[in-house]
Each structure stands twice: as C-alpha cells, then as structure tokens.
Amino acid sequence: MCGIVGYAGTAPAQGTSLSANHRALEVIVEGLRRLEYRGYDSAGIAVAGANGIEMRKKSGKLAKLLEELEQNPLPAASSGIGHTRWATHGGPTDENAHPHVVDGGALSVVHNGIIENYSVLKATLLKRGHSFVSQTDTEVAATLLGDTYRELVLAEPGVPSTGRLSRAMAAVARQLEGAFTLVALHADEPGVIVAARRNSPLVVGLGDGENFLGSDVSGFIDYTRRAVELGQDQVVTISAENVEITDFNGVPAEGREYRVDWDAAAAKKDGYPSFMEKEINDQPDAVAQTLLGRTDGEGNLTLDELRVDPSVLKTINRIIVLACGTSAYAGQVARYAIEHWCRIPTEVELSHEFRYRDPIVDERTLIVSLSQSGETMDTLMAVRYAREQGAKTVAICNTNGSTIPRESDAVLYTHAGPEIAVASTKAFLAQITAAYLLGLYLAQLRGNLFQGQIKDILAELAKVPAKIASVLANADQIKDLARSMADTRTVLFLGRHVGYPVAMEGALKLKELAYIHAEGFAAGELKHGPIALIEEGQAVIVVVPSPRGRDSLHAKVVSNIQEVRARGAMTIVIAEEGDESVREHAEHVFYIPETSTLLAPLLTTVPLQIFALALATAKGFDVDQPRNLAKSVTVE
Ligand code: M6R
C-alpha cells in the first residue's frame, strides 16, 4: 500500500531533451504513474530546490496532482521524493497527503506502513510544543526526525551536515514500532535521499550518475534494470553517485544486486483499454511461462529454485497454505490437487488469522505461501511466525526480489509478468499452475505418483494455455450478458470441489470491480441456509464440473441448479463443451474446452473475470483502480 519514489541525480542522461532542472520531476512523476496501483487516495512530490524544500500534494488520483503542477510548477531540482497514498491514519484529504513537510519547511518525509506506537510518540512531541496539521502517523515520524536532526546539529557544532540525515533516520527508526518505509529529503543535504525500512518494501535502482528508490522496481523501471534489495531494518542513503546501506545502528551492510528481468513494456497497456483487460488476455502466456523450463530432458520435474533439502520434503507430514484474497482462493484450488496427488494433509489458512490462533506447526510442517506481490504484510508475518516455529517455508510468488520469497527457505516464481490492475487475474492462474507443479514435484519425490502419471498431467497442463486462448476468443456472449446486467444488485456464485474456490474468486472479482454484492457458495451448502436468499430473478452463476469427472459431482451440481431455479433464480452456467445436459436448466450457458477436473479452474475462472470486467466497464467504473483498494496490502 502506498507507492514511494525517490530520486537523486545531477544532470540528465545524454540525449534526453529534458533539462537537468526537470529530470527529477520527470522521474518522480513517471515512477508515481507506475506505482499508482499501490494506492490512489492522494499524491504528492517534494523537491530540494535553490530555495529549500518545495512541495505539492493533492487528494485524489495522480491526475489531480498533475493538474496542480500545471498551475503551480515545482522549481528546478536534481533530487526529490514522491508518494501515492492508500489512507490508513486520517482520511484522503490534502492535509493527510504526503509528503509531510516539518521543521520550518526544512524536512520532507513520505511513508508507507503503520507506525504502531505513533500515539505515544505524538504525546511526547505535543508536550515538547509541537502541533500537527494532519491526522497521520507519518507527520509524527517526520516531526521526530526533525527534532532528532536538530539535536545532532547542536551536538556536532561545526561538523558538516554530510551523513547527518542518515544518522538521524537510524536513530528515529530505532524508536518506531510497526511497519514503515520512511523516505526523507532535507534542505541541508539537497542531493541526498535517506530511507529506512522495516516490514515494508523498498528497492534501490542503480543508475549512471543518478540513483533511485521505489516501493518496487516499477518505480524506476523506465530508467534502470539494476536493482538492489534492502534487508530488514536497514537505512539507505542515495546521492547521484553513491548508495550506502547500514543497519539501524549505523553498521554498514551489503545489499544484494539483481537484474530486473521484465521490461517496461510488459507493464504497459499494449493498446488495451485497461491493464485488467490486458492481464486477462495475458493469461495463456502467464500459464505457459510458469510451466516453462521446469522439467529436465526426460520430462522429470526439476524446479531448480526450490531449495529445500529433498530429504526434508520427504518427511513432511502436513502442508499449510498461507495467503489472502485471490491468492487464498488459488491455494484452495491447489489443496484439492496436492492432497489428491501427494496424500499429504493440506490446509489453507488466511494469513491474518493464522498466527493469532496459536497454530500447531513444527519442523515436519511445510508452509506454502502464495502471494503475487510478495509484500502482503499479513502473509509475511504468518510466514515469519511459522519459520520461528521450525516449519520449512516455500513461497510461490510473482515478484522477484520481494520480501516474502527472501524470507522463505525456498521460492517457486510464477512468471506471469507484472500485474498492475489492482484486481488479480493472471497471477491467480499462474499461482494455481505453480502450486500444481509443487504438488507434482512432491508426488514425484515421495513416490505417490508414477512417472508416467506425472508426465500425463504435465502434458495436459501444457495444453491449457491454448485452451485459455480459446475461452478468450469466444468471450462475446459473456460480455454481452454482463453489459445487460449492469443494474443487477446481487449475484450469487456456486461451485463444488475445485469449482467452489472458483465461485468465490468470481464473486470477489465482481465485488472489487463492479461494487455489486456477490457471494460464492459451496453448491452443497446452499440447502443449509443460503438458499433462503433466492427470490424471483436472482442471478446465480454456477460452475459445473465435467460430466466425465468422478463421484457423480456433475449430477449433484445440476440438482443444485434445479433447486435454485425452482425458486425463481436466473441461472448462468459455466460448463464443459459438449455438456448438453445443463442447457435445459440454464438461461445462459458458457462452454469451456474439455480438461480434467483438477485443471478446470484454469479455464472456468476466465469467463468469470471477463464477466466482472464487462459489467464494471458498463457501469463506467475504473477497473484498474477500484475504489478503496490498493494492489499490495503492506499493512496488517
Ligand atoms: O500480493 P498478494 O497475492 O499477497 O495479494 C493478496 C490479496 O491482497 C489480493 O489477491 C487481493 O485480494 C486482490 N485485490 C484480489 O483481486
């Protein structure tokens, strides 16, 4: 949540038409544009100009700030900081927008996270005579930083200001509790940006005669592919020529440099009207790329990145999948496959519930975290907790260099490419794919499946991208239906077995994008209560399993459709090609290509995403930045 950009440079890169004066502003605005998906309640920029710190900020989306900058331009500067906010403490007003400028205009600070002891600190600062113009925890941290800086000035008479902001930042960071990335710019050291991070993301970008900070690499992807991971509890100081990292006690530390392997174009809309639509259409590639290179010449799964000792994986007796939101639904889908293939008891738990219930975890428990961003605070905290209890942790993640994989014993990256739209789509399919690979790998290692069976499943998985492409190519019918339902006030989704988490994901997409009340139910649960919701005309979308599947599941779901229809529901059915039996029970049927029961979610989810997108678009909503949401939830 919240996007942060920092820039320290001197002159423009050779060949650019921009003057040195505007390089900082250009970089920061571009970074904010790319990071806006992290929060869009307000945006602001501060630069260190010839007359000290100058700042502009505005509630609302970045466009509002850009209008403000047109009216009221910022002065020439070679360094600056920017912020796009998802409100936590204090509403989305101009006053609560970042940067917060304190200390008589000398110091400006932006922040991502929540400072849990801010009220105690604020009380102390109020006693010292400070007053506050915002309701934010950030202004408290900024004020404390200003005080600490001035104390150092008094304690070091005659000493040049170099390094003082870093020392003050470290001293403040030691006093803060909670999660924070704090980034500061001081008028005394105008070419320097100092940041501290604890439990909240920050990446350094290494340029040529310029350096960058970003909440993630998209904050500077247009300018450099060289990135440096920061560790927990570290302070980083950047100038045009230098990057220095220390811990909170000032002890020098090393950051791990890596190359960003996706290009800037991958984070552009490619002619689609929204990132959401582009990302839905990226899904054949997202699945194909996630499958790519995971086998050896003989077709055995290799999963090179998975660095947990195979002898340990052989002895695990339980798997707990930790995730939130869409990622948790991917985990629920994966559970069916992992238990079926590996015969290991597998639970899926919402990360934020996990560590507060005193869970039983030991060294024979394998924790599998699922996170697109790799920064979700709830999941990060749950993974840390499980590690402390001795569990082995594997992260399934889409973001290279992010915190959750870094703090896990092993990682299996999904290669969906950057996902920018706030509502997750391609990451969901990529997560299911990666979790299936993990399940097959465990089954191979533990001898639960014959090699031939694994090869057959892999061969079937390899056909999925083309099948998704066929669903995408035949989506007009579902788009038309969605548009015709723009006035619908509530939609229920039903599914069974792997169709149940798909139903919940379909409902979540509709809530997030179209602000329509939607619920996903296990079809079998309906008669235990939710069927009371059915009245004349109630829209019910049903994910029907393959008629070729096991245990008459298909027949049971068809009965469930009949039950709701008998009570007046308008039924919309997602079924497998050739399943004519559902036609007589449905107002609308959408067919997906044939595949096995366990792989079906990779196809059945797609029409539900398209339905939510088309309905939200028909209502005129911003599908990339739905209200009240942020892409990466970095607060608990
Ligand atoms: O980055 P993560 O996968 O950890 O994010 C988890 C959820 O916050 C995320 O899936 C959220 O539910 C999305 N808005 C769903 O569209």
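Figured I'd write up the structure that's included with this text. Sequence order as written defines residue numbering, which begins from 1 separately in each chain. Only residues with pLDDT of 70 or above have their local features reported here, since the model is predicted, and side-chain atom pairs are shown and tallied only from 80 upward, although totals for entire chains, interfaces and linings are computed over all residues. The basis for every side-chain value is the complete set of heavy atoms in the structure, and neither hydrogens nor water enter the calculation.

### As for the packing of aromatic side chains
Reasoning step 1: Any Phe, Tyr or Trp ring, taking Trp's six-membered ring, that has another such ring centre within 6.5 Å forms a pair; planes under 30 degrees apart are called stacked, those over 60 apart edge-to-face, and the others tilted. Applying the stated criterion to the full structure yields seven aromatic pairs.
Reasoning step 2: Summarising the aromatic geometry, the rings of Phe180 and Phe248 are spaced 6.2 Å apart at their centres and angled 15 degrees between planes, so their arrangement reads as stacked. Here Phe180, found in strand β7 (residues 178–186), pairs with Phe248, found in the loop between β13 (243–247) and β14 (256–259); they are 68 residues apart in sequence, far enough to count as distant.
Reasoning step 3: Each ring, one from Phe354 and one from Tyr385, has its centre 6.0 Å from the other, and the planes form 85 degrees; the classification is edge-to-face. Within this pair, whereas Phe354 is found in helix α10 (residues 351–354), its partner Tyr385 is found in helix α11 (residues 377–388), the two being separated by 31 residues in sequence.
Reasoning step 4: Put simply, the rings of Tyr7, Phe212, Phe220 and Tyr223 pair up and form one aromatic cluster.
Reasoning step 5: A ring has a charge above it when a Lys NZ or an Arg CZ is no more than 6 Å from the ring centre and no more than 35 degrees off the ring normal. It is Lys61 that lies over the ring of Tyr40; its NZ or CZ is 5.2 Å from the centre.
Reasoning step 6: Directly above the aromatic system of Tyr515 lies the positively charged group of Arg627, at a separation of 3.9 Å from the ring centroid. Only DSSP runs of H or I reaching four residues or more are called helices, and only runs of E reaching two or more are called strands; each is numbered from the N terminus.

### Structural notes on the packing of helix α7 (residues 283–291) against helix α13 (residues 426–446)
Reasoning step 1: Angles shown run from 0 to 180 degrees and are taken between the N-to-C directions of axes, each axis being a line fitted to C-alpha atoms and, for helices, limited to the stretch in contact. At their nearest, the axes of α7 and α13 sit 9 Å apart, and the two run at 25 degrees to each other. With respect to α13, the element α7 is oriented roughly parallel. As for how α7 packs across α13, the hand of that crossing is right-handed. Counting all contacts with α7, which are made through Gln283, Ala286, Val287, Thr290 and Leu291, the residues of α13 involved are Lys426, Leu429, Ala430, Thr433, Ala434 and Leu437. Orientation categories follow fixed angle ranges, with anything under 35 degrees roughly parallel, anything over 145 roughly antiparallel, 65 to 115 roughly perpendicular, and all other angles oblique. Left-handed describes a crossing whose near helix is turned anticlockwise from the far helix by less than a right angle; the clockwise case is right-handed. In what follows, residue pairs with any heavy atoms lying within 4.5 Å of each other are defined as contacts.

### So, the packing of helix α16 (residues 499–514) against helix α18 (residues 601–618)
Reasoning step 1: The interhelical angle for the contact between α16 and α18, taken along N-to-C directions, is 20 degrees, at an axis separation of 9 Å. Overall, the two elements α16 and α18 adopt an arrangement that is roughly parallel. Two packed elements cross with a definite hand, and for α16 against α18 that hand is right-handed. For the pair α16 and α18, the contacting residues are Val502, Glu505, Gly506, Lys509, Leu510, Leu513 and Ala514 in the first and Pro601, Thr604, Thr605, Leu608, Phe611, Ala612, Leu613, Leu615 and Ala616 in the second.
Reasoning step 2: Residues are grouped as follows: Ala, Val, Leu, Ile, Met, Phe, Trp, Tyr, Cys and Pro are nonpolar; Asp, Glu, Lys and Arg are charged; all remaining types, including Gly, are polar. Within the contact of α16 with α18, the residues separate by chemical class into eleven nonpolar, three polar and two charged.

### A word on the nonpolar core
Reasoning step 1: Throughout this description, the term nonpolar core refers to a set of buried Ala, Val, Leu, Ile, Met, Phe, Trp, Tyr and Cys residues connected via side-chain atoms within 4.5 Å. The buried label goes to any residue with under 20% of its type's maximum accessible area, the exposed label to any with over 50%, and the partly exposed label to all in between, with areas taken from a 1.4 Å probe on protein chains only. Counting 125 residues, the largest nonpolar core has Ile45, Trp341 and Leu510 as its most contacted members.
Reasoning step 2: Looking at this core element by element, the count peaks at twelve residues for α13.
Reasoning step 3: Those residues in contact with Trp341, other than ones at most four positions away along the chain, are Tyr436, Gly439, Leu440, Ala443, Asn448, Leu449, Ile457 and Leu598.
Reasoning step 4: Core analysis: the next-biggest nonpolar cluster, separate from the first, contains 28 residues, Leu144, Leu145, Tyr149 and Leu165 among them.

### Topic: the site of the ligand
Reasoning step 1: Whether a residue is near a molecule or strand is decided by its heavy atoms; if any one of them lies within 4 Å of it, the residue is near. Lining the immediate surroundings of the ligand are 14 residues, of which Ser327, Ser371, Gln372, Thr376 and Glu512 lie closest.
Reasoning step 2: In these tables, accessible area is a Shrake-Rupley quantity obtained with a 1.4 Å probe, and a residue counts as shielded only by the protein chains included in the view. Considered on its own, the ligand offers 410 Å² of accessible surface; in the complex 91% of this is hidden by protein.
Reasoning step 3: Going through the elements one at a time, α9 (325–342) and α16 are the ones with two or more residues in the shell around the ligand.
Reasoning step 4: Tallying contributions element by element places α9 first for the shell around the ligand, with three residues.

### Section: the pattern of salt bridges
Reasoning step 1: Here, a salt bridge means any Lys or Arg side-chain nitrogen found within 4 Å of an Asp or Glu carboxyl oxygen. Overall, the coordinates contain 31 salt bridges when judged by the stated rule.
Reasoning step 2: Here Glu156 and Arg164 are joined by a salt bridge, their closest N and O atoms 3.2 Å apart. Here Glu156 and Arg164 have matching classes, each one buried.
Reasoning step 3: It is possible to trace a salt-bridge network through shared partners that takes in Asp103, Arg128, Asp147 and Arg150.

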